Amino acid sequence: MRTICRGVLLAAALAAVLPARALADGMFIPYPDAAALEMEAQRGVIWLREGGAVDLTIQTRYAGAAEDFGWIIPVPDRPVVAEASADFLDQLDWLTAPHFYQDPCYIPCPDWGVDADADGDVGGTEPPDGTVTEWESGTVGVLDYSVISGSDGTALADWLEDNGFVTVAGLEAMLETYADEGAFFFAARVTPGEDLTDGVTPVTLSLPSMEEPTFPMRLTALSAAETIRVALFVIGEEQHAPRNYGYDRVIESRLTLEEYEDNLARLFEDGDNEGFVAQFVGELWWEEEMLLYDMFYPVAEEWNDILYSGLTISRYVGDLATSAMAEDVAFEPDEDLWVSNYFTSPC
């Protein structure tokens, strides 16, 4: 059973997703010509449901003209589209981010994690050459969207241009790669008359299955930014770790907020911005439930399926070089990996 070292909370959880000009969870277009676009945060959650179903939830924030916004997310099967709970994403982010305590009678916290360094069935009907199928269209939050698939990159790029999207260099070739894999695409623009004052609507793309838990990242390589900051979560019965990207963790348990930030920056730099840092891997216990209800009551209804369920949460943050995004981020089970997000500091 886990025991948390007690003390006085020094600071709210460190925000894992910092401002960055970039894209991650698919692609924004037009980019990079729209200089006003400023990516502020990107979060992705892969929730492994019973029976093999998967919910892929994505949230992105940026400032810019609503009429310039376009969003493309490739997925391996035809998704069911729904608006995600921004409250749940905020609460999940806060609860699993690093927390810092001042302990007047310092007792070292146990080392929860282990050092880790990893090396790094499509469900569609193949369309005839030169065609795009629009499977559905609708509105989710402030976004008008279509779910499409296509025979090739040229047909998909033409469809996007015909529907008001601005394509960028390299997009057609990347769409070709996904089309060859039988991918479907969530393509969205802001509903006319709506704005992004309250941010981009987070979306959940529910899939009947996924060969392995995977977060779409390859389109991000088309970004003009050198690096992007992204936080990824996997919720399921087992702990998970990236299979095809390296990852590490902050080993020291007695750190201030500033020292933790220095450690995080060093790990990103030592990894040449090609991997992730594990910030929390494990189950939530009654201590976290107390924190959750103290900070956010009433809490998002999604917690009813997580608390006391035996599900684990695996949280990774990356400051990734876009040049290194040759693959989507795939996760695999790792039953030996446990990472605490509690740190103590001297008086």
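A quick note: this is a predicted structure, and the numbers were derived from the prediction, not measured.

Asks: Any chance you could explain the pattern of salt bridges here in plain terms?
Replies: Under the criterion given, the structure shown has ten salt bridges. Between arginine 315 and aspartate 93 there is a salt bridge, and its shortest N-O distance comes to 3.3 Å. Like aspartate 93, arginine 315 is buried. Where arginine 218 meets aspartate 328, a salt bridge forms, and the shortest distance between an N and an O atom there is 3.1 Å.

Asks: Where do I start with the nonpolar core in this structure?
Replies: Nonpolar side chains in soluble globular proteins generally cluster together in the buried interior. Counting residues in each nonpolar core, the largest one holds 44 residues, and the members touching the most others are Trp71, Leu143, Phe186, Phe276 and Tyr316. Core analysis: the next-biggest nonpolar cluster, separate from the first, contains 23 residues, Phe88, Leu95, Trp303 and Ile313 among them.

Asks: I'm lost on the sheet that holds strand β12 (residues 214–215) in this one. Help?
Replies: Sheets are built from strands paired through backbone hydrogen bonds, the pairs being either parallel or antiparallel. What the three strands build is an open sheet, ordered β12-β18-β14; its pairing is antiparallel. Two strands in the sheet have a free side with no partner beyond their single neighbour: β12 and β14 (240–242). Summarising the sheet, β14 and strand β18 (residues 329–333) pair through three bridges and their orientation is antiparallel. When the bridges of β18 are listed, histidine 240 appears paired with proline 333.

Asks: Even after reading the chapter, I still don't get the packing of helix α2 (residues 153–162) against helix α3 (residues 171–180), so can you show me in this structure?
Replies: The geometry of a pair of packed helices is captured by two quantities: the angle between their axes and the separation between those axes. Interhelical geometry of α2 versus α3 gives an angle of 120° and a closest axis separation of 7 Å. Between α2 and α3, the crossing angle belongs to the class labelled oblique. Crossing of α2 against α3: the hand is right-handed. Here α2 contributes Gly153, Thr154, Leu156, Ala157 and Leu160 to the contact with α3, which in turn contributes Leu171, Glu172, Leu175, Glu176 and Ala179. Its residues placed into classes, the contact of α2 with α3 shows six nonpolar, two polar and two charged.

Asks: What is the right way to read the environment of proline 208 from this model?
Replies: Tracing the sequence through the fold places proline 208 in the loop between β11 (203–207) and β12. Excluding residues that lie within four positions of it along the chain, proline 208 makes contacts with Gly52, Ala53, Asp77 and Arg78.

Asks: Would you mind showing me how to read the side chain of aspartate 319 here?
Replies: Within the fold, aspartate 319 resides in strand β17 (residues 312–321). A relative accessible area of 16% places aspartate 319 in the buried class. A polar side-chain atom of aspartate 319 sits 3.5 Å from a polar atom in the side chain of arginine 229. Not counting residues up to four positions away in its chain, the partners in contact with aspartate 319 are Thr227, Ile228, Arg229, Phe268, Asn273 and Gly275.

Asks: Even after reading the chapter, I still don't get the pairing of strand β9 (residues 143–150), so can you show me in this structure?
Replies: Two faces belong to every sheet, and in a regular strand the side chains alternate between them. A large share of β9 lies buried, amounting to seven of its eight residues. Of the strand pairs in this sheet, strand β8 (residues 132–140) and β9 are connected by eight bridges, and their pairing is antiparallel. Looking across to β9, one finds that threonine 139 is bridged to aspartate 144. The antiparallel pairing of β8 with β9 creates a hairpin that spans two residues between the two strands, and glycine 141 there sits at a positive phi of about 60°. Sheet topology note: the β9/strand β10 (residues 184–190) ladder contains six bridges and is antiparallel. If you follow valine 147 over to β10, its bridge partner there is phenylalanine 186.

Asks: Looking at this structure, I do not really get the pairing of strand β16 (residues 275–283). What am I missing?
Replies: β16 sits mainly inside the fold: eight of its nine residues count as buried. Relative to β16, strand β15 (residues 246–249) runs parallel, the two being bridged by four bridges. By the bridge assignment for β16, arginine 249 is matched with alanine 278. Traced from β15 through helix α4 (residues 257–270) to β16, the parallel crossover comes out right-handed.

Asks: For this particular structure, what's the right way to read the environment of phenylalanine 185?
Replies: Relative to the helices and strands, phenylalanine 185 resides in strand β10. On the accessibility criterion, phenylalanine 185 (2% relative accessible area) is buried. Along the chain, phenylalanine 185 and tryptophan 135 lie 50 residues apart, while their C-alpha atoms are 9.9 Å from each other.

Asks: Would you mind showing me how to read α4 here?
Replies: The α-helix winds at 3.6 residues per turn, so residues separated by three or four positions along the chain end up facing the same way. For α4, which comprises 14 residues, the first-to-last C-alpha distance of 20 Å matches the rise-based estimate of 20 Å (1.5 Å per residue) to within 8%. Check the buried side of α4 and you find it contacts β7 (99–102), β13 (227–236), β15, β16, β17 and β19 (342–345).

Asks: Explain the packing of helix α1 (residues 86–96) against helix α5 (residues 286–296) here, please?
Replies: Following both chains from N to C, one finds α1 and α5 inclined at 130°, their axes separated by 11 Å at the closest point. The orientation of α1 relative to α5 falls into the category oblique. Considering how the two elements wind past one another, α1 and α5 form a crossing that is right-handed. Contact residues: Asp90, Gln91, Trp94 and Leu95 in α1; Glu288, Leu291, Leu292, Met295 and Phe296 in α5. For the contact of α1 with α5, the residue count by class is six nonpolar, one polar and two charged.

Asks: Looking at this model, I keep getting lost on unusual backbone geometry. Mind explaining?
Replies: Negative phi characterises most residues that are not glycine, and trans characterises most peptide bonds. Cis geometry marks the peptide bond from tyrosine 297 to proline 298; its omega dihedral reads -5°. In this fold, proline 298 is placed in the loop between α5 and β17. Here the phi dihedral of asparagine 273 falls at roughly 55°; this positive angle occurs in a residue that is not glycine. A positive phi angle is found at tyrosine 308, which is not glycine, with a value near 60°. On the secondary structure map, tyrosine 308 appears in the loop between α5 and β17.

Rules and cut-offs
- Residues numbered from 1 in each chain as written.
- Predicted model: local features only at pLDDT ≥ 70, side-chain atom pairs only at ≥ 80, totals over all residues.
- Heavy atoms only, no water.
- Salt bridge = Lys/Arg side-chain N within 4 Å of Asp/Glu carboxyl O.
- Buried < 20%, exposed > 50% of the residue type's maximum accessible area, 1.4 Å probe, protein only.
- Core = buried A, V, L, I, M, F, W, Y, C linked by side-chain atoms within 4.5 Å.
- Pairing = 2+ DSSP bridges.
- Helix = DSSP H or I, 4+ residues; strand = E, 2+ residues; numbered from the N terminus.
- Axes fitted to C-alpha atoms, helices over the stretch in contact; angles between N-to-C directions.
- Parallel < 35°, antiparallel > 145°, perpendicular 65-115°, else oblique.
- Left-handed = near helix turned anticlockwise from the far one by under 90°.
- Contact = heavy atoms within 4.5 Å.
- Nonpolar A, V, L, I, M, F, W, Y, C, P; charged D, E, K, R; others polar.
- Polar contact = N/O pair within 3.5 Å; in protein donor to acceptor, adjacent residues only side chain to side chain.
- Right-handed = clockwise from strand over helix to strand, strands pointing away.
- Expected span 1.5 Å × (residues − 1).

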